[in-house]
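Residue-level listing of the chains:
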Amino acid sequence: MAAAGASAPWDERWLLPLAVAALVLLVQRVPVRRAAVLGLLFGLAYTLALTVWMRAVGTDAWLLLSPVVAGFYALIAVGIALVRRLRGWPWWTACVWVATEAAMSTWPLGGFPWTRLAWAAVDTPFALWLPWIGATGVSFLIALTGAILAWVLQEGRARPAGAAAAVVAALLVAVVPVLFSPESLTSSWEAGRPVVTVAAVQGDVPGAGNDLVAVHEQVTANHVRATVDLARRVEDGAVQQPDFVLWPENSTAVDPFTDEQTNAGISRAVAAIGVPVLVGAIVDGPRPDAVLNQGLVWLPDGSTAERYTKRHPVPFGEYVPFRSQLAGLQIGRLDMIPRDMIAGTRSRPLDVAGTRVVDLICFDVAYDDSLIAQVQNGGQMVTVQTSNATFTGTSQLEQQFTISRARAMETGRTVVVASTNGISGVIAPDGTVRQQLEPRTTDIAVTEVALVDAQTPAVRHGSLIKLVLCLIGVAAAILAAASNSRRQFPMRGI
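Quantities reported herein were computed from a predicted structural model and do not represent experimental measurements. (Residues numbered from 1 in each chain as written. Predicted model: local features only at pLDDT ≥ 70, side-chain atom pairs only at ≥ 80, totals over all residues. Heavy atoms only, no water.)

### Thoughts on the side chain of Q294
Consideration 1: Tracing the backbone shows Q294 in strand β4 (residues 290-298).
Consideration 2: Side-chain polar atoms of Q294 contact the side chain of R307, separated by 3.1 Å.
Consideration 3: Each residue touching Q294, except ones within four places of it in the same chain, is listed here: V279, G280, A281, V283, R307, Y308, T309 and I361. (Helix = DSSP H or I, 4+ residues; strand = E, 2+ residues; numbered from the N terminus. Polar contact = N/O pair within 3.5 Å; in protein donor to acceptor, adjacent residues only side chain to side chain. Contact = heavy atoms within 4.5 Å.)

### A word on helix α2 (residues 15-27)
Consideration 1: Compared with an ideal rise of 1.5 Å per residue, which puts 13 residues at 18 Å, α2 spans 19 Å between its outermost C-alpha atoms and is within 8% of the ideal.
Consideration 2: Those residues of α2 that are buried lie in contact with α1 (2-5), α3 (32-50), α4 (59-83), α5 (89-104) and α6 (130-155). (Expected span 1.5 Å × (residues − 1).)

### Comments concerning the packing of aromatic side chains
Consideration 1: Considering all chains together, one arrives at twelve aromatic pairs under this definition.
Consideration 2: With 6.1 Å between their ring centres and 25 degrees between their planes, W53 and F363 make a pair best called stacked. One end of the pair, W53, is in the loop between α3 and α4; the other, F363, is in the loop between β8 (355-361) and α13 (368-376), and 310 residues separate them in sequence. The burial state of W53 is the same as that of F363; both residues are buried. (Phe/Tyr/Trp six-rings, centres within 6.5 Å; stacked < 30°, edge-to-face > 60°. Buried < 20%, exposed > 50% of the residue type's maximum accessible area, 1.4 Å probe, protein only.)

### A closer look at the pattern of salt bridges
Consideration 1: Evaluated as defined, the whole model comprises 15 salt bridges.
Consideration 2: Across the pair R193 and D453 runs a salt bridge whose closest N-O atoms are separated by 2.3 Å. Remark: D453 occurs in the loop between β13 (443-450) and α15 (457-488) and R193 occurs in the loop between α8 (182-190) and β1 (195-202); sequence separation between them is 260 residues.
Consideration 3: A residue is classified by how much of its surface remains accessible, and R193, at 30% relative accessible area, is partly exposed.
Consideration 4: The salt bridge partner of D368 is R407, with a shortest N-O separation of 2.9 Å. You can see D368 sitting in helix α13 and its partner R407 sitting in helix α14 (residues 396-411), a full 39 residues away along the chain. Just as D368 is buried, R407 falls in that class too.
Consideration 5: Among the charged side chains, a salt-bridge network with shared partners connects R116, D368, R407, E410 and K466. (Salt bridge = Lys/Arg side-chain N within 4 Å of Asp/Glu carboxyl O.)

### Examining the packing of α5 against α6
Consideration 1: Close contact between α5 and α6 brings their axes to 8 Å; oriented N to C, the two are set at 140 degrees. Between α5 and α6, the angle is such that the two are oblique. Relative to α6, the crossing made by α5 is right-handed. Between α5 and α6, the contacting residues are W89, P90, W91, T93, A94, C95, W97, V98 and E101 on the first element and T136, S139, F140, A143, L144, A147, I148, A150, W151 and E155 on the second.
Consideration 2: A breakdown of the residues in the contact of α5 with α6 according to their chemical character gives 14 nonpolar, three polar and two charged. (Axes fitted to C-alpha atoms, helices over the stretch in contact; angles between N-to-C directions. Parallel < 35°, antiparallel > 145°, perpendicular 65-115°, else oblique. Left-handed = near helix turned anticlockwise from the far one by under 90°. Nonpolar A, V, L, I, M, F, W, Y, C, P; charged D, E, K, R; others polar.)

### With respect to the pairing of strand β9 (residues 381-386)
Consideration 1: Within β9, six of the six residues are buried, which leaves it mostly tucked inside the rest of the structure.
Consideration 2: Here β8 runs beside β9; their pairing, made up of five bridges, is parallel. Residue V357 lies in a different strand from β9, and its bridge partner there is M381.
Consideration 3: Handedness of the crossover joining β8 and β9 through α13 is recorded here as right-handed.
Consideration 4: Taken together, the five bridges between β9 and strand β10 (residues 415-419) define a ladder with parallel strand orientation. Counterpart to T383 in the pairing with β10 is V416.
Consideration 5: Once you follow β9 into α14 and on to β10, the crossover reads as right-handed. (Pairing = 2+ DSSP bridges. Right-handed = clockwise from strand over helix to strand, strands pointing away.)

### Overview of the sheet that holds strand β12 (residues 433-436)
Consideration 1: Strand order across the open sheet formed by six strands is β7-β8-β9-β10-β11-β12, with mixed pairing between neighbours. In this open sheet, the two edge strands, each paired with only one partner strand, are β7 (350-352) and β12. When the angles between neighbouring strand axes are averaged without regard to direction, this sheet yields 25 degrees.
Consideration 2: Packing against the sheet, α14 makes contact with β9, β10, β11 (425-427) and β12, and its axis sits at approximately 35 degrees to β11.

And the structure:
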């Protein structure tokens, strides 16, 4: 619960290293099997509390996901119990933690990176490391700080000199990035750079706000009307002409290429504003039982040559894995999701009015591959198209917006978020919120964005940092397991 308490809606960030320390103290002197059980219980409490918002999708999904994620924390606990026998074990503990986080973020079914330690580090000194060592590196530092704290509490009295050195090391984690903060790294990048004006539209969802599909025509009409109204304000000189307009995910929940009413509405809005509109649309897939979640660059001439397809659809929320095997079990969710969403593969930024835009759709923002490749391939700013309507009134909105803030710091780029009914806003490269629209309203955030070409060390070397830390974690666990096996079953002389 302490680990979850570091995230929204509680935001008690100081609990994060304490939660790590508590797990370390619980498992480091117990047998491996008991450590696995304790880690599983830790993971269940953490995941159930953090992702209680998944009940909006279905209590079954929430209860099925949590044990799967908790299983990875059982692995973390086993790793901690093993590497405790090695010299310098706090370092190996932190490596084991991030190696397991990396596995959890990719497998099974694409992984679930929502519980990474780094996301809850925003507004703490740990977050100031994000542009230097990325999310994986920050998770490592948090885990290391927690492990050092556990070491001090357990062995500090017996080794006062070592305890003092450990405390100094933990303090350096907090102090060093203050001296070399993201502002000193990225502020000069924006100076003198070309700027574009972006208008992020939040059209709102009528009624309770959490059933977009039931009122999808009105949702699209809201975004059309808001954009046409923006065009009038631009003509009157009240608002600066945008270079492009950003609509959220599911701003149309039907294929705009086959639905005449939707197509006409979007075309009217784009013609009125006279610049490209990045439309979040559900588009028919290549076969009748498939669908695509896309960001379409809709040009004033009606063409849509550029498009991004969501890379990480949500299993059992946007597609049903093993559908044919589950078909005979009479599961209601199969009827709720009649078509499976196909994952995209694009790793290049979109070309929107000459701007190289990194586009992310909803949960894509939590996955490294969705973001980093586009930035490495020249992305100059980041947009996040999200619906979040299903999660209206839950902490999912704040948690996702916090992840977006972490991504701004990691990449050194402005992040513009457009949501159907919240949270929409503009995040500066240092993670500060420049604009935030009121949820459950129809509003527009108009902002100037500096186009950045330079890349943070985290973008350039983040993959290498992750690989090295993961290899060290796996190697330490294997070495500790082998050493433990030799002690239990010593070889006898002949």
